[in-house]
Structure formats: structure tokens, C-alpha cells
Amino acid sequence: MSHCDCQLNHPGYTSISATPVDADEPKTEETSIVDVKSVLDIEQAAPQQLPKEPYTAYSPSRQLFIVLIATLVGFFAPVCGAVYLPSLILFQDIFHASSKVINATVSVYTAVFAVTPLFGAAASDYGGRKGVYLVTLFIFLVANTLLAAIPPTVGGLFVLRIFQALGASVVTSVGAGTVADITEPAKRASRMGIFLLGPNLGPVLGPLIGGQFSTPGLWRWIFGFLSLACFPVYLIVVFFLPETLRSLVGNGSQFANSSRWLVKPHLRQKRIVPEGAYPKPPRLTPKRLLDLLTFVPNLIVSVGSGLQFSGLYCIYISFPRVWQEQYGWSGSETGYAYLVPAVFLLLSSLLVGRLSDMTYRRFKARHDGQAPPPEKRIDMQIWGYLLGAAGKAMFGWFVVKAFHPVAALVASAVAAVGTGLVMVTSTAYQTECQPGATASLVALAGLLRNLGSAISAAIIDDLLRRMGIGWFFTGLALLDAVWTGGIVYIRLRGHVYRKST
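Bear in mind that the values here come from a model prediction, so they are computed numbers and not experimental data.

Caption draft 1: Quick look at the overall build of the protein. Scanning the protein from terminus to terminus reveals 18 helices and two strands. For the protein, the exposed area adds up to about 23,500 Å²; of that, 65% sits on carbon and sulfur atoms.

In C-alpha cells:
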């Protein structure tokens with residue numbers, strides 16, 4: 001044909017190129033002839049679909065590096081709250097205040113710690129993750145530096161404890177959003193297991209660290225230690241953590257294509273992907289918060305996670321009473337006892353995450369690449385609740401019967417394994433159930449968890465006196481056992497609630 005140059009037999013060609021026809025040239029019959037066989041050959045040679053864009057453009061090693069940064073940042077809030085506890089009696093003398101006033105500083109910290117992550121989550125879902133990191137960590141750094149340097153006053157302690165909580169707690173929920181931004185669902189549980197090491201281990205390692213400075217000559221180093229530990233992490237965030245909010249930067253290809261991991265510091269990242277290319281998280285209004293809280297699967301999973309953590313926290317609170325008063329241990333020996341549940345919480349968080357992701361991948365392999373429903377993530381939670389219940393009940397009665405200390409430590413380890421299993425799978429489930437509100441959901445779960453811990457700390461002394469340690473922890477175990485019914489309900493009916501949203 002004179003006006004069509006078709007190279008049909010070359011495997012690299014998938015289209016027809018036609019030479020232009022002069023508008024003034026008279027049309028001939030030949031120009032209207034179409035070779036149907038050639039067109040069919042070209043259509044068969046054309047690719048059926050474009051390659052799918054990867055969920056994240058970052059290499060596995062850089063993904064892990066970003067997750068570790070978020071884990072380090074999330075470590076400060078629980079450590080800051082717990083590092084303070086061994087010095088409560090000492091601070092009564094340092095600040096010339098009653099025990100009630102000093103305990104009030106703990107309550108203030110806990111209240112701020114519970115509420116502020118909700119606002120940080122909303123800010124990070126709208127303006128980006130990194131800006132929230134930079135502002136809040138700077139507040140935390142300054143507050144600890146001032147507490148370590150200025151003369152001790154009760155008013156200053158209250159104010160700076162508020163800023164401590166504000167600076168440290170916000171980034172906990174933001175960190176979960178960062179992990180979800182760069183991690184595909186098939187690997188999300190194991191990455192969440194790493195991230196949750198900070199919130200899980202902080203309450204245990206905090207007293208161990210704080211106890212080393214609980215003397216009249218070293219108490220300022222409680223806050224000096226936090227300041228010195230925060231500063232290098234802050235520099236890592238400034239120069240190595242890229243913005244990850246997907247509605248702003250997509251899958252991170254602009255940052256991932258660079259051979260260097262250094263990033264140019266920005267307080268706020270401009271949008272570099274087309275508007276609407278990636279879904280924007282909904283704003284966290286009071287109505288939105290109420291919707292998240294009253295969404296039945298979120299409510300059951302979040303409250304259950306809070307019950308598990310609060311029960312383990314009760315074991316932590318009872319440790320000084322048990323080991324020092326009943327077994328005659330010293331303060332430093334009691335501090336080392338916290339390492340037992342800490343190690344098993346660490347191992348369970350890591351192993352459960354990997355096992356959950358392995359189950360996820362097996363499901364996809366058996367169902368032609370179809371992702372499993374989010375409810376599949378919580379299959380293991382029933383075992384977590386049963387382990388938590390067994391550990392709490394055993395701990396209480398082993399102490400009552402004055403068994404060897406190893407028995408009570410093993411019981412605390414069993415309770416820690418159950419807590420780790422529940423928290424990791426709960427976080428993974430929530431990020432997949434409502435992926436557009438990851439940070440807000442984690443903040444909401446943190447709110448319930450911290451409120452539960454605060455209530456536990458406030459009532460445990462009275463309940464232990466009235467019920468005894470054996471029946472007190474048996475009651476907590478029964479709560480865990482009852483809550484398995486809610487988990488079974490979500491497993492069977494969770495898909496109905498998701499479809500209704």
C-alpha cells in the first residue's frame with residue numbers, strides 16, 4: 001500500500017504508522033483499503049496491560065531503615081513515662097512536694113500522652129509525616145534539656161512534663177502511618193512487629209534505665225539521658241527520613257531513585273504526584289473520630305488490645321511490691337526482673353509478625369494472587385488472648401503460693417507473649433481494614449491503651465488490698481477469655497461491617 005507502512009512481522013511493533021496525506025491531493029480508492037488480517041495480527045502482538053506500579057519504590061534495605069527510624073522515634077514516649085517512676089519518692093524531696101503532687105505529674109503526662117497522638121495523626125495525614133516528626137521531636141528535646149538544666153520547681157516540672165508528653169507521644173501514631181506508607185500488605189505485620197518494639201519495650205526498659213540515676217546527685221541525668229538519646233535520632237530524621245505520605249509523594253520513586261539515602265530537609269513536602277493519583281486520608285474531625293471509634297471491628301480490636309496491654313501493665317506495676325516486699329529483692333534486682341517480659345514481648349512481636357505475613361502470602365499463592373480478607377490477620381488473636389489469660393492467672397497464684405521466683409517470671413513472660421501477639425495482629429488488621437486512616441486508628445488504639453494503663457495504675461492498690469493478688473489477676477484473665485468472643489465475632493462478621501462503610 002502506498003500510504004501505509006506496516007511492519008507486521010517484527011515482534012517489537014504493536015502499532016501502525018501511516019504517512020501523512022496531503023490535504024490537496026485527490027483521494028484514491030487505495031487509501032480507504034484496510035488489511036483486516038494485518039490489523040488482527042497487530043492487536044494480537046500488543047501487550048494486554050501496562051506493568052503494575054510497585055507499592056513502594058524503595059529497596060528492601062531502605063524500607064527497613066525507614067521502619068527502624070520510626071521505631072526509634074516511637075521508643076521515646078513510653079520510655080519517658082516509665083524512666084520517671086523509680087524516682088517518684090526521691091522527687092518528693094527534690095521538689096519539696098507531697099507524694100500526691102508528684103503522682104499528679106505522672107497523671108498529667110499520661111493524659112497528654114493518651115490524647116495528643118490523635119491530633120498528630122490528623123496533622124500527618126493532611127500535611128505530611130516528616131513535618132510532624134521534626135516539630136514534636138524538637139519540643140521533646142528542648143523540654144528534657146530544660147528539665148536537666150533549670151532549678152527544680154513544681155510548676156516547671158508540671159509544665160515541662162506536659163511538653164515532654166506532647167513531643168514524644170505524637171510521633172507514635174505518625175510512625176505507624178510511615179510504616180504503612182512504605183510497606184505492602186503482604187509484609188506489613190512483620191514490619192509492624194518491629195515498629196511496636198518501641199511502645200512495647202519502653203515501659204519495661206524505662207524503669208531499668210531510670211533506676212541508674214535515682215540518686216540525689218544524678219537525678220538530672222534522667223532528663224539529660226533522654227535529651228542526649230533524642231539528639232542523634234533527631235538528626236537522622238532530618239537528614240535521612242524522606243516524606244512518605246502517599247497522597248503527597250506516591251510510592252516514593254522520586255526519593256528512591258537517588259543512590260544516596262540523604263534527603264534535603266523540608267519542614268513540609270510539596271505535592272509531587274498528580275492530585276487524586278493516590279487517595280488522601282480523610283480529615284480527623286470529631287465526627288470522623290466518633291465514626292472510627294464506633295466502627296464495631298475497630299472498637300472490639302482496640303478495646304481488646306487495650307485490655308491486654310493494661311493487664312500486662314498491672315504486672316509491671318506489681319513487680320516492686322512482689323519482688324521487694326515478698327521475695328526480699330533489691331531495687332536493682334527488681335529492675336532486672338523487668339527484662340524477662342521485655343525479651344519475650346520482643347520475640348513475640350517479631351515472630352508473630354513474620355508468621356502472619358507468611359500466612360498472608362500462602363493465602364495469595366493458593367487463591368491465584370487474591371489477597372486474603374483483613375479478618376484473616378486476627379485468626380491468631382484467640383491464642384494471644386488465651387495465653388494472656390493463662391499468664392496473668394498463673395502470675396497471681398504463683399505469687400500467692402510463694403512459688404520459686406522463676407515460676408512467676410515465666411508467667412509474666414507468657415502474658416507478654418499474648419500481649420505481643422494481640423497488638424501486632426491488631427495493628428496489621430486495622431491498617432488493612434481502613435488503610436486511609438492508619439495513623440488515626442493507631443492513635444485511637446493508643447488512646448484506649450494509655451487510658452487503660454492510667455486507670456490500672458490508679459486502682460490497682462485498692463483492688464489488690466480488697467481482692468488479693470491471686471483473684472485480681474484471675475479477674476483480668478477472665479476478661480481476656482470473655483473478649484475472645486468478640487474476636488470470633490469479627491472473624492465471622494467483619495466483612496459485613498467493611499462493606500457497609
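Moving on from the model shown.
Caption draft 2: The nonpolar core, seen in detail. Formed by 99 residues in total, the largest nonpolar core has its most connected members in F91 and F395. Of the residues forming this core, the biggest block, eleven residues, is contributed by helix 6 (residues 154-182). Apart from the residues within four sequence positions on either side, F91 is in contact with Y84, H96, I102, W219, I222 and F223. Within the second largest apolar cluster, ten residues are counted, among which are V301, V422, C433 and I490.

Caption draft 3: Structural view of the pattern of salt bridges. Taken as a whole and assessed by the stated rule, the structure comprises five salt bridges. Taking the shortest distance from any N to any O, the salt bridge between D379 and R491 comes out at 2.3 Å. Residue D379 is found in the loop between helix 15 (339-366) and helix 16 (381-400), and its partner R491 is found in helix 18 (residues 438-500); the two are separated by 112 residues along the sequence. Note that D480 and K392 form a salt bridge whose closest N and O atoms lie 2.8 Å from each other. Residue D480 is found in helix 18, and its partner K392 is found in helix 16; the two are separated by 88 residues along the sequence. Accessibility classification places D480 together with K392 in one group, the buried group. A cluster of three or more residues bridged by salt bridges with shared partners is formed by K376, D379 and R491.

Caption draft 4: The arrangement of the packing of aromatic side chains in detail. Under the criterion given, the structure shown has 23 aromatic pairs. Ring geometry for F91 versus F223: centroids 6.3 Å apart, planes at 20°, classification stacked. Residue F91 is located in helix 3 (residues 88-94), and its partner F223 is located in helix 9 (residues 220-240); the two are separated by 132 residues in the primary sequence. What makes F91 buried here is its relative accessible area of 0%. For F223, a relative accessible area of 1% puts it in the buried group. Each ring, one from W323 and one from Y327, has its centre 5.1 Å from the other, and the planes form 45°; the classification is tilted. According to the relative accessible area criterion, W323 is buried, its value standing at 0%. An aromatic cluster of at least three residues, connected via ring pairs, comprises F309, Y313, Y316, F319, W323, Y327, W329, Y338, F395, F472 and F473. Lying over the aromatic face of Y55, R246 brings its terminal NZ or CZ to 3.9 Å of the ring centre.

Caption draft 5: Fine view of helix 17 (residues 405-433). Look at helix 17: 42 Å from first C-alpha to last across 29 residues, which is about the 42 Å you get at 1.5 Å a residue. Taken across its 29 residues, helix 17 has 24 buried, putting it largely inside the fold.

Caption draft 6: Main features of helix 15. Given a rise of 1.5 Å per residue, 28 residues ought to cover 40 Å, and the 41 Å separating the end C-alpha atoms of helix 15 matches this to within 8%. Here helix 15 has its buried residues at P341, A342, L345, S348, S349, V352, G353, S356, D357, Y360 and F363. Where helix 15 terminates, the next one or two residues include D368, which has phi positive at roughly 55°.

Caption draft 7: Spatial organisation of unusual backbone geometry. Phi angles above zero are rare outside glycine, and H96 is one such case at about 55°. With respect to the secondary-structure elements, H96 resides in the loop between helix 3 and helix 4 (99-127). Positive phi, close to 55°, is recorded for A402, a residue that is not glycine.

Caption draft 8: Quick look at the side chain of K130. Tracing the chain through its elements places K130 in helix 5 (residues 129-149). For the buried residue K130, which engages in no salt bridge, the nearest side chain bearing the opposite charge is E243, 7.8 Å off. Looking at K130, its side chain comes within polar contact range of the main-chain oxygen of V238, at 2.8 Å. Among the polar contacts listed, one links the side chain of K130 to the backbone oxygen of L241, at a separation of 2.8 Å. The residues touching K130, leaving out its near neighbours within four places in the chain, are V237, V238, L241, E243, V263, P265 and H266.

Caption draft 9: Main features of the side chain of T183. Here T183 lies in the loop between helix 6 and helix 7 (188-195). Looking at T183, its side chain comes within polar contact range of the main-chain oxygen of V179, at 2.8 Å. Here R191 takes part through its side chain, which lies 3.5 Å from a polar atom of the side chain of T183. Residues contacting T183, with those up to four places away along its chain left out, are Y55, R188 and R191.

Caption draft 10: Structural context of a nonpolar patch on the surface. Residues Y336, L339, V343, F344, L347 and L351 make up a contiguous nonpolar surface patch of about 550 Å² in total accessible area. With respect to the helices and strands, the residue Y336 is situated in helix 14 (residues 331-337).

Caption draft 11: Quick peek at the packing of helix 2 (residues 60-82) against helix 6. Contact geometry for helix 2 and helix 6: axes closest at 8 Å, N-to-C directions at 155°. As judged from the angle between their axes, helix 2 and helix 6 are roughly antiparallel. Crossing angle aside, the handedness with which helix 2 passes helix 6 is left-handed. Contacts from Q63, I66, V67, A70, V73, G74, F76, A77, C80 and G81 in helix 2 reach R161, Q164, A168, S169, V171, T172, G175, T178, V179 and I182 in helix 6. Of the residues contributing to the contact of helix 2 with helix 6, the split by class is eleven nonpolar, eight polar and one charged.

Caption draft 12: Highlighting the environment of Y489. Within the secondary structure, Y489 is located in helix 18. The sequence separation of Y489 and I300 amounts to 189 residues, and the corresponding C-alpha distance is 9.4 Å. When neighbours within four sequence positions are excluded, Y489 is seen to be in contact with V296, I300, G494 and Y497.

Caption draft 13: Looking closely at the confidence of the model for the protein. Across the protein, pLDDT averages 80, with 85% of residues at or above 70. Confidence drops under pLDDT 50 across residues 1-50; counting only partners more than four residues distant or on other chains, this segment forms 26 contacts.

Caption draft 14: Focus on the environment of L451. Along the chain, the position of L451 falls in helix 18. Judged by its relative accessible area of 40%, L451 is partly exposed. Here the alpha-carbon distance between L451 and S310, two residues 141 residues apart in the chain, equals 8.7 Å.

Rules behind the numbers
Residues numbered from 1 in each chain as written. Predicted model: local features only at pLDDT ≥ 70, side-chain atom pairs only at ≥ 80, totals over all residues. Heavy atoms only, no water. Helix = DSSP H or I, 4+ residues; strand = E, 2+ residues; numbered from the N terminus. Areas by Shrake-Rupley, 256 points an atom, 1.4 Å probe, with all protein chains shown as cover. Core = buried A, V, L, I, M, F, W, Y, C linked by side-chain atoms within 4.5 Å. Buried < 20%, exposed > 50% of the residue type's maximum accessible area, 1.4 Å probe, protein only. Contact = heavy atoms within 4.5 Å. Salt bridge = Lys/Arg side-chain N within 4 Å of Asp/Glu carboxyl O. Phe/Tyr/Trp six-rings, centres within 6.5 Å; stacked < 30°, edge-to-face > 60°. Lys NZ or Arg CZ within 6 Å of the ring centre and 35° of its normal. Expected span 1.5 Å × (residues − 1). Lys, Arg positive; Asp, Glu negative; His and termini not counted. Polar contact = N/O pair within 3.5 Å; in protein donor to acceptor, adjacent residues only side chain to side chain. Patch = residues over 30% accessible without salt bridge, like charges linked within 9 Å, V, L, I, M, F, W, Y side chains within 5 Å. Axes fitted to C-alpha atoms, helices over the stretch in contact; angles between N-to-C directions. Parallel < 35°, antiparallel > 145°, perpendicular 65-115°, else oblique. Left-handed = near helix turned anticlockwise from the far one by under 90°. Nonpolar A, V, L, I, M, F, W, Y, C, P; charged D, E, K, R; others polar. pLDDT = per-residue confidence, 0-100.

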